[in-house]
Amino acid sequence: MYAIVEIAGQQFKVSKDLKVYVHRLANEEGSKVSFDKVLLLDDNGNVTLGAPAIEGASVEAKVLQHLKGDKVIVFKKKRRKGYKKRNGHRQYLTQILIEGISATGGKKATPAPKKEAAPKADKLVEAVEEKAPKAPKASKKGDDLVIIEGIGPKAAEALVAAGIDTFAKLAAASADSVKEILDASTNKVQHLDPTTWAQQAQLAADGKMDELKKLQDELNGGKAV
C-alpha cells in the first residue's frame, strides 16, 4: 500500500517504514505528526483519487531529526558588466519515518506538538516584520538599466539622478542628451558611448529580450562593431 501525500508544500510517494526528507517542520524530534492532504491511495491495486484530497485519509509519521541539506552554490554573472555574485545555501530539512497509512478516519486537526511549536512560528513572523522596513533600500523604483550593454552601475546611477530611471525614458532620450548627462557626472563615465542605448532600451521596454540579446552579441561595450 502506498500514497501520494502533500507535506510542507511538496508531494511524496510514501509507504510504511519509509524514511523521507521534507522541508523543516515545526514539530519536535520524536513527536508524532499526521498529514491529511492525501492525493492518491493504492491499496493492492485498488486506486483511490482525491479531489484534490481524499476525505478521511491520512499518513501517520514520526519526526526523527532536524538537519541541513547539502550546500548549494548560487553563482550569478552579467557579461561585460563586471558583476559577479556567489552565495551558498543549505536547506533546513526534517527526516520523518512513515509509520502508517490510513484510508479512513484520518485526523484533520493539527496535532498538539504543532501548538507547542507555534511560538517559534510567531518569532519567525516577528523577525520578518522587523526586517521589512529595510526592503525599500534594496528595492528599485525604476528598471535595471545595467541590462543595457555599455551601462555599468556608475552610468546607471548618473542616469537615474538625471531622472532617466526606466527603459522607456532612456529610449525616448537622444544620444546627445544622454552624453551631456554623462559628461556632467562626477562618476567618471564621460568615456562611454550612448549611441545604441536608446535602441537597446526600446527593445527592453517592449519586452523583446531575445532581440535585445541578439543585438548585444553584435556590440562591443555598447558600441556597434
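Before going into details, it helps to say that this report is about the structure given with it.

Each value, and the rule that gives it
Residues numbered from 1 in each chain as written. Predicted model: local features only at pLDDT ≥ 70, side-chain atom pairs only at ≥ 80, totals over all residues. Heavy atoms only, no water. Helix = DSSP H or I, 4+ residues; strand = E, 2+ residues; numbered from the N terminus. Buried < 20%, exposed > 50% of the residue type's maximum accessible area, 1.4 Å probe, protein only. Pairing = 2+ DSSP bridges. Arc of directions from axis to C-beta. Contact = heavy atoms within 4.5 Å. Axes fitted to C-alpha atoms, helices over the stretch in contact; angles between N-to-C directions.

Position of Ser34 among the secondary structure elements: in strand β4 (residues 32-35). Judged by relative accessible area, Ser34 falls into the buried class, the value being 12%.

In this section: the pairing of strand β5 (residues 38-43). Consecutive residues of a regular strand have side chains that alternate between opposite faces of the sheet. The element β5 is extensively covered by neighbouring structure, given that 5 of its 6 residues are classed as buried. Note that strand β1 (residues 2-7) and β5 share 4 bridges and pair antiparallel. When the bridges of β5 are listed, Ile4 appears paired with Leu40. In terms of strand pairing, β5 meets strand β6 (residues 46-49) through 4 bridges, oriented antiparallel. Across the sheet, residue Leu41 finds its bridge partner in β6, namely Thr48.

With that settled, the discussion passes to helix α6 (residues 197-205). Here α6 has its buried residues at Trp197, Gln200, Ala201, Leu203 and Ala204. Projected down its long axis, α6 carries its buried residues within an arc of 160°, all on one side. Contacts made by the buried residues of α6 are with α3 (153-161), α4 (167-172), α5 (175-184), α7 (209-217) and β9 (219-220).

What follows concerns the sheet that holds β1. Spatially, the 4 strands line up as an open sheet ordered β2-β1-β5-β6, and their pairing is antiparallel. Edge positions in the sheet fall to β2 (10-15) and β6, since each has one partner strand and no second. Mean inter-strand twist for the sheet, computed between neighbouring axes without regard to direction, equals 20°. Bridge analysis of β1 against β2 gives 6 bridges, and the strand direction is antiparallel.

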